[in-house]
Amino acid sequence: MDTLDKIIEAVAAAAPDIRGGLAGRRRKADEENPSGETQMAADVWADEYLEAELTAIDGVGEFASEEREGVIDCGEGLSVAIDPLDGSSNIKSNNSMGTIVGVYDAPLPASGRDLVSSAYILFGPITTMMVAREGTVTEYVIEDGDPRPVNKDLTLPDDPVVYGFGGRVPDWTDDFAEYVREIETNLKLRYGGAMIGDVNQVLTYGGVFAYPGLESRPEGKLRLQFEGNPMAYILESAGGRSSDGERSLLDVEPEGLHQRVPVHLGNEELIDRLESML
Ligand code: P6P
């Protein structure tokens with residue numbers, strides 16, 4: 001089993017324990033993460049759990065998390081960047097959330113082109129895992145920590161059905177608002193406040209997800225290393241596209257570990273259209 005297999009297996013094995021520990025950790029922690037967001041107790045716990053599991057793997061050289069300021073040096077090998085609990089604010093409302101993992105073959109912060117795999121665990125009605133590796137996306141159901149493949153070559157449906165956009169409508173730029181008006185007449189709104197739940201809808205039904213650059217925050221909200229790159233790698237491996245508004249997220253120059261970036265993910269024609277309008 002190579003290092004990448006061990007990483008994916010460790011993330012799958014951790015899923016039942018992380019899911020099982022959510023109920024007792026719905027309270028806010030006393031800290032903020034490096035992005036200035038209030039942490040939930042579950043954020044801290046999931047981060048500590050996964051840090052222990054992933055840094056112990058021989059062949060993992062660096063570990064970084066959305067919840068930690070810096071990069072942990074743990075030897076030689078691949079760099080693992082995680083969002084331990086994406087959408088943790090959904091714990092309070094009992095909605096979908098989960099874990100995002102990006103595996104880079106370069107020191108962090110790294111370019112999305114340095115990704116060798118990315119994955120997410122989705123805590124929905126059931127626990128599933130999506131893994132992109134060597135140009136193929138595989139969907140698994142996680143049962144007792146064991147991943148069972150249910151779709152071995154997942155590709156984005158050709159005919160888009162859903163859309164979901166973050167940020168407040170008055171804070172959208174005029175160009176983005178015009179894009180929304182154009183595409184919303186043909187699509188159904190699906191926005192749940194956790195990127196992986198919303199992107200999983202796009203992967204399942206076809207469509208577009210975005211947390212765009214806003215008038216008040218042109219860089220958007222989502223982090224390139226922990227959210228944008230890993231999810232872009234999955235979408236592009238499934239035959240879709242990603243964009244910061246001008247180019248693939250995988251081509252965005254890494255400047256800082258917690259740099260934010262506008263994120264647009266979905267069917268190629270919808271992202272091409274978006275870039276032509278921004
Ligand atoms: P808002 C969750 O906190 C997250 O980082 C993403 O998972 C999600 O897409 C976004 O923020 C939701 O942000 O402003 O809608 O609460």
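Q: Please clarify how the overall build of the chain should be interpreted in this entry.
A: Check the secondary structure of the chain and you find seven helices and 15 strands. Here the C-alpha radius of gyration of the chain, 17 Å, is about what a compact globule of 278 residues would show, namely 19 Å. When the backbone C-alpha atoms are referred to their principal axes, the chain occupies close to 50 × 40 × 35 Å. Relative to its full complement of 278 residues, the chain shows a buried share of 57%. Put simply, 61% of the contacts in the chain that link residues at least 6 apart link residues at least 24 apart. A gap of 7 Å separates the mean positions of the 23 positive and 52 negative side-chain charges of the chain.

Q: Even after reading the chapter, I still don't get the environment of Gln39, so can you show me in this structure?
A: By the element assignment, Gln39 lies in strand 2 (residues 38-40). In this structure Gln39 comes out as buried when scored by relative accessible area, which is 6%. Considered as a pair, Gln39 and Ser89 are 50 residues apart in the sequence and their alpha carbons are 8.8 Å apart. Look past the residues within four positions of Gln39 in its chain and what remains in contact with it is Lys28, Ala29, Glu31, Glu32, Asn33, Val44 and Glu67.

Q: Even after reading the chapter, I still don't get the sheet that holds strand 7 (residues 115-123), so can you show me in this structure?
A: By definition, the strands of a sheet pair up through backbone hydrogen bonds, in either a parallel or an antiparallel sense. Pairing in this open sheet of eight strands is mixed, and the strands run 4-3-5-6-7-8-9-10 from one edge to the other. With one partner strand each, in any of the chains shown, strand 4 (72-73) and strand 10 (146-151) form the two edges of the open sheet. Looking at chain direction, strand 9 (residues 136-143) and strand 10 are connected through five bridges and run antiparallel. Within strand 10, the residue paired with Ile142 across the bridge is Pro147. Against the sheet, helix 2 (residues 41-55) contacts strand 3 (60-65), strand 4, strand 5 (78-86) and strand 6 (97-104), and its axis sits at roughly 155° relative to strand 5. The strands touched by helix 5 (residues 195-205) within the sheet are strand 5, strand 6, strand 7 and strand 8 (127-133), with strand 7 carrying the most contacts at an inclination of about 105°.

Q: Can you walk me through the sheet that holds strand 11 (residues 162-165) in this structure?
A: Across the sheet, which stays open at both edges, the five strands sit in the order 12-11-13-15-14 with mixed pairing between neighbours. In the strand order of this sheet, the two ends are held by strand 12 (188-189) and strand 14 (241-243), each with one partner. Taken strand by strand, helix 6 (residues 224-237) contacts strand 14 and strand 15 (263-266), and its axis lies near 20° from that of strand 15.

Q: For this particular structure, what's the right way to read the packing of aromatic side chains?
A: Note on aromatic pairs: each is described by the distance of the centres and the angle between the planes. Applying the stated rule across the entire model yields seven aromatic pairs. Look at Phe165 and Phe176: their rings are 5.1 Å apart centre to centre, the planes differ by 75°, and that puts the pair in the edge-to-face class. Highlighted residues: Phe165 in strand 11 and Phe176 in helix 4 (residues 174-183), separated in sequence by 11 residues. The burial state of Phe165 is the same as that of Phe176; both residues are buried.

Q: Would you explain a negative patch on the surface in this entry?
A: The grouping of Asp158, Asp159, Glu268 and Glu269 at the surface amounts to a negative patch. Along the chain, the position of Asp158 falls in the loop between strand 10 and strand 11.

Calculation rules
Residues numbered from 1 in each chain as written. Predicted model: local features only at pLDDT ≥ 70, side-chain atom pairs only at ≥ 80, totals over all residues. Heavy atoms only, no water. Helix = DSSP H or I, 4+ residues; strand = E, 2+ residues; numbered from the N terminus. Rg over C-alpha atoms; globule rule 2.2 N^0.38 Å. Buried < 20%, exposed > 50% of the residue type's maximum accessible area, 1.4 Å probe, protein only. Contact = heavy atoms within 4.5 Å. Lys, Arg positive; Asp, Glu negative; His and termini not counted. Charge placed at Lys NZ, Arg CZ, Asp CG, Glu CD. Pairing = 2+ DSSP bridges. Axes fitted to C-alpha atoms, helices over the stretch in contact; angles between N-to-C directions. Phe/Tyr/Trp six-rings, centres within 6.5 Å; stacked < 30°, edge-to-face > 60°. Patch = residues over 30% accessible without salt bridge, like charges linked within 9 Å, V, L, I, M, F, W, Y side chains within 5 Å. Areas by Shrake-Rupley, 256 points an atom, 1.4 Å probe, with all protein chains shown as cover. Salt bridge = Lys/Arg side-chain N within 4 Å of Asp/Glu carboxyl O.

The values reported here are purely geometric and, on their own, carry no functional implication.
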